[in-house]
Amino acid sequence: MTVEPFIHLSGVTKTYKAGRKQHLAISDASFDVMPGELVALVGPSGCGKSTLLKILAGLHGYDGGTVRIGSAQNAFDPSRDIGMVFQAPLLLKWRRILDNILLPAEILGLPMGEARERARGLMAMVGLQGYEDKYPYELSGGMQQRAAIARSLVHDPKLVLMDEPFGALDALTREKMNLELLRIWKESGKTIIFVTHGISEAVFLGTRVVVLTAGPARMADNFQIELPHPRTLDLKTHETFGVYTRRIYKLLGME
């Protein structure tokens, strides 16, 4: 049986107006995302990656092309079926961690008994069991991002969009969070689109990588990452990993 793409983009364009001038942010974005994939969008800063993510989230419109998420058999509601993780955790400082994680369930009006039980399970999954009553200032940056990931999953979305979520973390914490994300992705089974400008990070995380050129965003390549799971950090020393990273460097004119 043929599996339909969960996300289909074809020839997507986006233009911003600034006074009388127009700025072409995305010139041609075309790729598919299969159910359960972790797709990394990689490209230089300002190339339109975040704009593309906001289009997928329904936060921005687009001027041309096709964007389809879900199918006739599996309807998609952006307000209910998307979880978002940003570069900053964006936790409410006056709410305890468990209450921060429950926020999407409250907004959507979900049964709070079930949501609270799911939130506690997610806290255990992301390694925050025992921190339910802590406030954000009592957690490290990496722990706050774990809470943000749990919050993005609490309403059981079909799609998780992550916009450079580890960009503000130090290098060691970022490596640990990459490993944690792969574990969480495997355990949750969610479809994830992960935006990054880190070439090594894209190859390490992605089942597939979509490479975008400098703005206006245009898809330069879209390829599978044939590396084994579970992935460990020593994988970055393997020749195949280097082949993938060099391919991206070349596409971005960095060789």
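Described in the following lines is the structure provided in the data block. Computed from a prediction, not measured in an experiment: that's the story for all the values here.

## Side note on the overall build of the chain
- Across its full length, the chain carries 9 helices and 9 strands.
- In terms of overall dimensions, the chain is globule-like: its C-alpha atoms have a radius of gyration of 18 Å, near the 18 Å expected for 255 residues.
- Oriented by its inertia axes, the alpha-carbon framework of the chain measures out at about 50 × 45 × 45 Å.
- In the chain, which comprises 255 residues, the proportion classed as buried is 48%.
- Expressed as a percentage of contacts within the chain between residues at least 6 apart in sequence, the contacts between residues at least 24 apart total 70%.
- For the chain, the exposed surface amounts to about 12200 Å²; the carbon and sulfur share of it is 52%.
- The positive charge centre, built from 30 side chains, and the negative charge centre, built from 27, are 5 Å apart in the chain.

## Concerning the nonpolar core
- Residues Ile 149, Met 162, Ile 192, Phe 194, Val 209 and Ile 248 are the most contacted members of the largest nonpolar core, which totals 50 residues.
- Per element, the largest residue contribution to this core is 6 residues, and it comes from helix α6 (residues 141-153).
- Other than its neighbours up to four places away in sequence, Ile 149 contacts Val 85, Met 162, Phe 166, Met 177 and Ile 184.
- Counting 28 residues, the second largest nonpolar core, distinct from the first, contains Ile 7, Ala 29, Ala 57 and Met 84.

Calculation criteria
Residues numbered from 1 in each chain as written. Predicted model: local features only at pLDDT ≥ 70, side-chain atom pairs only at ≥ 80, totals over all residues. Heavy atoms only, no water. Helix = DSSP H or I, 4+ residues; strand = E, 2+ residues; numbered from the N terminus. Rg over C-alpha atoms; globule rule 2.2 N^0.38 Å. Buried < 20%, exposed > 50% of the residue type's maximum accessible area, 1.4 Å probe, protein only. Contact = heavy atoms within 4.5 Å. Areas by Shrake-Rupley, 256 points an atom, 1.4 Å probe, with all protein chains shown as cover. Lys, Arg positive; Asp, Glu negative; His and termini not counted. Charge placed at Lys NZ, Arg CZ, Asp CG, Glu CD. Core = buried A, V, L, I, M, F, W, Y, C linked by side-chain atoms within 4.5 Å.

Function cannot be inferred from these measures alone, as they are strictly geometric.
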